[in-house]
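Given next are the chains, with one letter for each unit.
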Amino acid sequence: MRLFAALLLQVAGCLQAQQGSVAGTVVDQTGKPLAGVHIRLVAGEFASGGRVSAVYGVDSDDAGHFSASDLKAGVYTLFAERAGYVQQETKGAPLLAVKLGQPTDYRLVMAERSRSRAA
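These lines cover the structure that appears in this document, whether it is placed above or below. (Residues numbered from 1 in each chain as written. Predicted model: local features only at pLDDT ≥ 70, side-chain atom pairs only at ≥ 80, totals over all residues. Heavy atoms only, no water.)

Examining the nonpolar core
Part 1 of the argument: Residues Val22, Val26, Val37, Ile39, Leu41 and Met110 are the most contacted members of the largest nonpolar core, which totals 21 residues.
Part 2 of the argument: Of all the secondary structure elements, the ones that give two or more residues to this core are strand 1 (20–28), strand 2 (38–45), strand 3 (51–59), strand 4 (65–71), strand 5 (74–81), strand 7 (95–98) and strand 8 (104–112).
Part 3 of the argument: Excluding residues that lie within four positions of it along the chain, Ile39 makes contacts with Val26, Tyr56, Gly57, Val58, Ser60, Phe66, Phe79, Ala80 and Leu108. (Core = buried A, V, L, I, M, F, W, Y, C linked by side-chain atoms within 4.5 Å. Buried < 20%, exposed > 50% of the residue type's maximum accessible area, 1.4 Å probe, protein only. Helix = DSSP H or I, 4+ residues; strand = E, 2+ residues; numbered from the N terminus. Contact = heavy atoms within 4.5 Å.)

Written as structure tokens, this is what we have:
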């Protein structure tokens, strides 16, 4: 029985160690770090009915850095929010693949709301 319990604890530890993580920096269009940006990471089956399977949220610090750990593997859509700014995107919201045991470094660019409307 002790052997089974020890094996179970080892397997649980391995599974916990295999969670994905995301880290990155939020900057404005000039490259200046942005603090206080709320980043939501949303995973789901959007093409087949819009089912959301996981949502995580983090805030950027004074240096614009953010990180989230213990994420399930999968593809996440990133949404960034801060008063007076809009998220810059090329086509739709950015997608980010999270793989087990592989940290991700991501750079997210935001623009002042008045500048983005003039563009």
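As for unusual backbone geometry
Part 1 of the argument: You will see that Asp70, though not glycine, has its phi angle at about 60 degrees, which is positive.
Part 2 of the argument: With respect to the helices and strands, the residue Asp70 is situated in strand 4.

Side note on the sheet that holds strand 7
Part 1 of the argument: Read across the open sheet, the 4 strands follow the order 3-2-5-7; overall the sheet is antiparallel. In this open sheet, the two strands that pair with only one neighbour each are strand 3 and strand 7. Ignoring strand direction, the axes of neighbouring strands in this sheet form an average angle of 30 degrees. (Pairing = 2+ DSSP bridges. Axes fitted to C-alpha atoms, helices over the stretch in contact; angles between N-to-C directions.)

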